[in-house]
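The chain contents come next:
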Amino acid sequence: MELYAILGVTADATLPDVQRAYRRLARRYHPNINPGDQDAAARFRAVALAYEILSDPKQRREYDQKGDAMLAEAGGITFAFERFDFTASAEGPAASTFGELFADLFRPPRERSGRAERGADLHADIAVPFETAAEGGRHSVTTTRHDVCDTCFGAGRMAVPEAVCPKCAGEGVVRGARGHMVFSKTCPQCHGDGRRQAVGCSTCHGEGVVMRGQAIDVVVSPGVADGDEITLSGQGHAGRFGGPRGDLRVRVHVAPHHMFRRDGDDLLLELPVGVHEAALGARVEVPTPYGAATLRIPPGTQGGQQFRLRERGLPSLRRGRRGDLVVQIRLVLPPLVDERARALMRELASIWTEDVRKG
Ligand SMILES: [Zn+2]
Ligand SMILES: [Zn+2]
């Protein structure tokens, strides 16, 4: 029975026996303890597979009945080993994460690879439609940022099983001779500790952080102006070696509107008005970002004259009220489409004798 042999247990081993054997062997052959060691990686996969089957009562019963033929059915044990990915086993129901697996055995690295550093700020740009300035909105920003390495929890190095330093045999000093002089110096490998030192993490190559793509939701407040920067505190790059995250700084680009021109919180709108409306007075419909409003134009209104619609501008980020919508009148001449229109205009000219340039 191959799988029992792999775990070094007998066929009547209890579930706790199987678990203990798995933990012992997984710790020895885990790829993070043996970076680059293909033989250890293959053994680890075999151990993980054996554990997967023997720790599951249903699969174990089947294996006890069919024996190694069960493995052959799955395309042979070699095939089974090949398809077995240890990262997947870490997510399986039976296995545990690397951290859990080793938590009770490893001493934490006493020193990290480096000093804690605050993560760098991340910069991003978003383009929003004009309407967002009036109503606010949510936008997703796709970032590629440093995240804390899951394998070493940001330490940049892996703790190793309690073991004496192979260089100094646990003494912490190495001896040498120069001529008649015998001297001893601090072991260069364990720095005098006498125990094996933590090894660099193979996932993050000792950085403590890995690059990862991430979509981050940005809430844009009403009143946002083109060029404003939104700071999402703690959403930047992860800090190295336990340092805090940097910030995410999002520059907002607000698209211009085809009618409204912005002046701080106020909006400026040029409104075409017929000469007859301006002369006689009228009620006209005015578009605003919040739907149409009615503006009463008094008789005798001149071109260029401005009217203010209170609080129909943009929300203010500072003040508690909206800005105004400033409506500037642009006079539109009537088209003189026929002889009657021209006759009326001539009649107006005959009674309007005032010099318009003297105002
Ligand atoms: Zn040493
Ligand atoms: Zn790492």
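Structural data are supplied above this passage.
Residues numbered from 1 in each chain as written. Chains lettered and ligands numbered in written order. Predicted model: local features only at pLDDT ≥ 70, side-chain atom pairs only at ≥ 80, totals over all residues. Heavy atoms only, no water.

## Quick notes on the overall build of the protein
Quick reminder of the rule: Where helices and strands are cited, they refer to DSSP runs of H or I of at least four residues and of E of at least two residues respectively, numbered from the N terminus. Each residue gets one of three labels from its accessible area relative to the maximum for its type: buried under 20%, exposed over 50%, partly exposed in between, using a 1.4 Å probe on protein chains only. Only heavy atoms matter for contacts: two residues are in contact if any of them lie within 4.5 Å across the pair. Using a 1.4 Å probe, the Shrake-Rupley method yields the accessible areas, and only the shown protein chains count as cover for residues.
Assigned secondary structure in the protein consists of eleven helices and 15 strands. Taking all 359 residues of the protein together, the buried fraction comes to 38%. The long-range fraction of contacts in the protein, counting pairs at least 24 apart against all pairs at least 6 apart in sequence, stands at 65%. Surface exposure of the protein reaches about 21000 Å², of which carbon and sulfur atoms provide 51%.

## What to know about the coordination of the zinc ion (ligand 1)
The expected angle between donors at a tetrahedral four-coordinate metal is 109.5 degrees. At an octahedral six-coordinate metal it is 90 or 180 degrees. Stated formally: For Na, K and Ca the donor cut-off is 3.2 Å, while for other metals it is 2.8 Å, and in both cases only N, O and S atoms qualify; water is not among them, so sites may look incomplete. Irregular is the label for any site that misses the other tests, which are tetrahedral for four donors with all angles between 85 and 135 degrees, and square planar for four donors or octahedral for six when opposite donors exceed 155 degrees and the remaining angles lie between 65 and 115.
Here the zinc ion (ligand 1) is held by the protein donor atoms Cys165 (SG), Cys168 (SG), Cys187 (SG) and Cys190 (SG), which lie 2.2 to 2.4 Å from it. Taken together, the four donor atoms coordinating the zinc ion (ligand 1) span angles of 104 to 115° at the metal, a pattern that classifies the geometry as tetrahedral. Here the donor residues of the zinc ion (ligand 1) share one chain and are spaced in sequence as C-x2-C-x18-C-x2-C. Accessibility assignment for this pair places Cys187 and Cys190 in one class, buried.

## Regarding the nonpolar core
Rules: We call a set of buried residues a nonpolar core when its members are Ala, Val, Leu, Ile, Met, Phe, Trp, Tyr or Cys and they connect through side-chain atoms within 4.5 Å of each other. Start and end positions for the domains come from either an automated domain assignment or a database one.
Counting 36 residues, the largest nonpolar core has Ile126, Val218, Val250, Val286, Leu295 and Leu325 as its most contacted members. Viewed by domain, this core spans two of them, domain 2 (122-146 + 211-254) and domain 4 (260-351), each represented by three or more residues. Contacts of Val286, omitting those with residues within four sequence positions, involve Leu269, Leu271, Gly291, Ala292, Ala293, Leu295, Leu309, Leu325 and Val327.

## Concerning the pairing of strand β1 (residues 122-128)
As a reminder of what qualifies: A strand pair is defined by DSSP finding two or more bridges across the two strands.
Side chains of β1 alternate between two faces, with Leu122, Ala124, Ile126 and Val128 buried and His123, Asp125 and Ala127 left unburied. Here β1 pairs with strand β9 (residues 248-254) via seven bridges, running parallel. By the bridge assignment for β9, Ala127 is matched with His253.

## Re the sheet that holds strand β11 (residues 266-274)
Short version of the rule: Note on geometry: axes are lines fitted to C-alpha atoms, helical ones only across the stretch in contact, with angles between N-to-C directions running from 0 to 180 degrees.
The four strands are arranged β10-β11-β15-β14 in an open sheet whose pairing can be described as mixed. Either end of the sheet is taken by a strand with one partner, and the two such strands are β10 (260-263) and β14 (306-309). In this sheet, neighbouring strand axes are inclined to one another by 30° on average, regardless of whether the strands run parallel or antiparallel.

## Quick look at the sheet that holds β1
Pairing is mixed in the open sheet, where three strands are placed in the order β1-β9-β8. Looking at strand neighbours, the two that pair on one side only are β1 and β8 (229-232), the edges of this open sheet. Between one strand and the next, the sheet's axes are offset by a mean angle of 25°, whatever the strand orientation. In the sheet, β8 pairs with β9 via four bridges, with the strands oriented antiparallel. Each residue of the ladder has a partner; that of Ile230, found in β9, is Val250.

## Some remarks on the packing of aromatic side chains
Basically, it comes down to this: Centres within 6.5 Å are what make two rings of Phe, Tyr or Trp a pair, Trp counting through its six-membered ring; a difference in plane orientation under 30 degrees is then read as stacked, over 60 as edge-to-face, and the rest as tilted. Counted as over-ring charges are cases with an Arg CZ or a Lys NZ within 6 Å of the ring centre that also lie within 35 degrees of the ring normal.
Under the defined criterion, the tally for this structure stands at three aromatic pairs. Both rings, one in Tyr4 and one in Tyr63, keep their centres 6.1 Å apart while their planes meet at 40°; by these two values the pair is tilted. Highlighted residues: Tyr4 in helix α1 (residues 2-7) and Tyr63 in helix α4 (residues 57-66), separated in sequence by 59 residues. Taking 6.2 Å as the distance between ring centres and 25° as the angle between the ring planes, the aromatic pair formed by Phe130 and Phe260 counts as stacked. Here Phe260 lies in strand β10 and Phe130 lies in helix α9 (residues 130-135), a separation of 130 residues in the sequence. Phe130 sits in the buried class, given a relative accessible area of 8%. One Lys or Arg, Arg322, reaches over the ring of Tyr290 and ends 3.7 Å from the middle of that ring.

## So, the pairing of strand β5 (residues 181-186)
The pairing of strand β4 (residues 173-178) with β5 spans six bridges and is classified as antiparallel. Residue pairing in the sheet places Val174 in a bridge with Lys185 of β5. Adjacent in sequence and paired antiparallel, β4 and β5 are bridged by two residues, among which Gly179 carries a positive phi angle near 60°.

## Looking at the pattern of salt bridges
Basically, it comes down to this: We define a salt bridge as a side-chain nitrogen of Lys or Arg found within 4 Å of a carboxyl oxygen belonging to Asp or Glu.
In this structure the tally under the stated criterion is 23 salt bridges. Across the salt bridge formed by Arg249 and Glu229, the nearest N and O atoms sit 3.3 Å from each other. Linking Arg249 in strand β9 with Glu229 in strand β8, this pair joins segments that are 20 residues apart in sequence. Residues joined in a network through salt bridges with shared partners are Arg118, Asp121, Glu229, Asp247, Arg249 and Arg251.

## Considerations on the coordination of the zinc ion (ligand 2)
Protein ligation of the zinc ion (ligand 2) involves Cys149 (SG), Cys152 (SG), Cys201 (SG) and Cys204 (SG), the donor distances falling in the range 2.2 to 2.4 Å. For the zinc ion (ligand 2), the four donor atoms in the first shell make angles of 106 to 114° at the metal, a pattern classed as tetrahedral. In primary-sequence terms, the residues that donate to the zinc ion (ligand 2) follow C-x2-C-x48-C-x2-C. Here Cys201 lies in the loop between β6 (199-200) and β7 (209-220) and Cys152 lies in the loop between β2 (137-148) and β3 (157-158), a separation of 49 residues in the sequence. In this pair, the class of Cys152 matches that of Cys201, namely buried.

## Here we look at helix α3 (residues 38-54)
Defined as follows: Each residue after the first adds 1.5 Å to the expected span of a helix.
With 17 residues, α3 ought to run about 24 Å at 1.5 Å a step, and its terminal C-alpha atoms sit 24 Å apart, in line with that. Within the span of α3, buried status applies to Ala40, Ala41, Phe44, Ala46, Val47, Ala48, Leu49, Ala50, Tyr51, Ile53 and Leu54.

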